[in-house]
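# Chain and residue survey
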Amino acid sequence: MQSDATVTAADIARLAGVGRAAVSNWRRRHDDFPEPVGGTATSPSFSLHEIREWLNVQGKLHRESSGEQLWQELRRAADEVALADVLLFAGAFLLFVHREPGRWRELAARPDDGLAAELPAAVRSAATGLPADEVFPPALEPAHVPLARGLADLAGERGAPEAFEFLRQRYFELHKRRVYETPEPIVRLVLALAGEEAGTLFDPACGSGGFLLGALDALSATELLGQEADEATARITAVRMALRTRNAVVRAGDSLREDAFPGVRADLVVTNPPFNDRNWGYDELIADPRWEYGLPPRMESELAWAQHALAHARPGGTVIMLMPPAAANRRSGRRIRGQLLRSGVLRGVFGLPVGAVPNMAVPLAVWVMRRPAPGDPRVDHILMVSTADREDFAERTVDAWRAFRRDPAAEYDEPGVGRAVRIIDLLDDEVDLDPGRYVQRVADKRFATVRTEAEDLLSALRDALPSLDESDGRPPAAGTFGDHAKAGILALHQAPMKMETESGGVPVLTLQDMVSGSAPSGRTEEDPGHILLQEGDVVATTVARGAVPRVIAAGEAGAALGPHLYLVRADPGHFVPEFVAGHLHVAARAVAARGSGASNRLDVRRARLPRISLDDQRRHGEAFTALAAFEATLRELAETGRELLGIGLDGLGDGSLHPPA
């Protein structure tokens, strides 16, 4: 047993049932709040024991949920390295409770020492088939029995599958880099492309089991098989599946080097394999019989995974996998791509929009392949889908695939969605399978719409042209904002650098809101230390570039001032807000003109603010406001102009636009 474990601010918030902003506030306001014991300055970790003691003394521990309490008790049972084993033991126990509830009720009625003596054999008997030599300790100390009873109580509240899902999510929050989870929308898209009949489904790089789990609801699969290189992840996924079906088998190991299912020929193979893996086994596997369509180049691990998946598909079976865009046109892989086309294996390449798969800087694609079977008709076309600009990309992709499957030889062509391309047209020196090259854009309608927007902005820009006369007098006397603050005729406030802006009941004006000119979009918890906006306040950014100082309107009053922002609250008997905002704008432009570096920050206290009459300030304020509106229109016109230029060039290039006759 480890005497203690560490927790993050997010863990502390869950223990107390509050938002993370409250934890940040406690750290600032309470001198006795425990000091960090690890982590970094921006993401510190704390002693679980010290945190629980502090929360208990403060009377804040009573909001702790049973699930969070149990998770922290599990963490105390092992260090971070052995936590996967503890989670597996918990999963095996939950599997026993799930499969043999009557037996558990019988054992639960016994005293702790009696339960400790009989529980290991009962769990090991019920939890067969998991990929581990020891799914549960051969002996259980009576001191650990309360933990087992707590797990059973959590299963009674949520159900055993959901109880384990809760613990699994907490585990992966601590090990974010251990496994990548395929997003549920992409899982649903891939399984929708597969149809409804699956029989045997196999995922050779199953990770946390997204495709296997999704198939339980989406397909009529009779057998679910998965392999995962990371042993801890494989064991956890095996428990996850065992809690939902007896027809799933998950094995640990590197599928390319140590195939755990060498004889399996599945009806459907789906996977999201590792990308850009230079250590996939090229030197060891040069003569492997799986390379039916050519030896994968050393830098083309994705084509090794594609052929591994095809080797596990029965004749007539389907393979659907995610692929990076480089796999479609990297020169080293053109021979294998050509063979996949000539043999009729590759049936569709479907490009996904950027962001469809989070944490991926490039837009991925879905490849659909079919292992040829005797008597298959000749394949002359492949479906290309490119829905990069569509929010309904999944629905349109599935519709296009179904239409293509009904008649693969038809001239399917839907601009902006997909096109059936002749295979012979792809077999050139490049064998480029990028769908964007072949799907006709719908640029003609967009060009007309954006052109109208540009015309409206040009008209607005002409109307916004300010009128200013040359001054004959000398510049008025001016003091700095800091001087005026010392005189008591204005106040300066700056928000804390660390502040929760994503959850809570108080709106927050953020730096991004200042850049975009939008209303307060952040959220934070209530705190007496917040600086709340009032009508007539002037807000500027401490970062000089990217935002125009603004005067707070009545509808924005009550929001909290966010990080990287400065607030000026001027005495209305001395200063007009629009006049103040204008001179902050002048100061910000002067700082930005100095270039990048540490000096490229607006020091509001050193900015200069003239002392002139209120009437003159109002006239200057109106002029500053007009110039700010002119600048905003100019920026919008520039963005619209760049968009119009891109649409025009692309449209002329791909033939979807042409000059008027």
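It should be noted that the structure appears before, not after, this text.
Structural notes, computed from the coordinates. (Residues numbered from 1 in each chain as written. Predicted model: local features only at pLDDT ≥ 70, side-chain atom pairs only at ≥ 80, totals over all residues. Heavy atoms only, no water.)

### Focus: the overall build of the protein chain
Broken down by element type, the protein chain carries 20 helices and 22 strands. For the C-alpha atoms alone, the extent of the protein chain along its principal axes is close to 95 × 85 × 40 Å. The proportion of buried residues among the 661 residues of the protein chain is 48%. The contacts in the protein chain between residues at least 6 apart in sequence include a share of 71% that link residues at least 24 apart. Split by element, the accessible area of the protein chain, about 32,100 Å² in all, is 49% carbon and sulfur. For the protein chain, the distance from the average site of its 75 positive side-chain charges to the average site of its 94 negative ones is 2 Å. (Helix = DSSP H or I, 4+ residues; strand = E, 2+ residues; numbered from the N terminus. Buried < 20%, exposed > 50% of the residue type's maximum accessible area, 1.4 Å probe, protein only. Contact = heavy atoms within 4.5 Å. Areas by Shrake-Rupley, 256 points an atom, 1.4 Å probe, with all protein chains shown as cover. Lys, Arg positive; Asp, Glu negative; His and termini not counted. Charge placed at Lys NZ, Arg CZ, Asp CG, Glu CD.)

### Here's the deal with the pattern of salt bridges
Should the charged atoms of two oppositely charged side chains come close, the side chains can pair. The full count for this structure, using the stated rule, is 38 salt bridges. We note a salt bridge from Glu-173 to Arg-170, for which the minimum N-O separation is 3.1 Å. Remark: Arg-170 and Glu-173 occur in helix α9 (residues 160-174); sequence separation between them is three residues, near one turn of the helix. On the basis of relative accessible area, Arg-170 is assigned to the buried category, the value being 11%. Put simply, Asp-254 and Arg-257 hold a salt bridge, and the shortest N to O gap is 2.9 Å. (Salt bridge = Lys/Arg side-chain N within 4 Å of Asp/Glu carboxyl O.)

### Some details on helix α19 (residues 577-593)
Relative to the 24 Å expected for 17 residues at 1.5 Å per residue, α19 spans 25 Å between its end C-alpha atoms, a close match to the ideal helical length. Among the residues making up α19, those that are buried are Phe-579, Val-580, Ala-581, Gly-582, His-583, Leu-584, His-585, Ala-587, Ala-588, Val-591 and Ala-592. In the core, the buried residues of α19 are packed alongside α17 (481-486), β18 (538-541), β19 (550-551), β21 (565-570), β22 (608-610) and α20 (614-654). (Expected span 1.5 Å × (residues − 1).)

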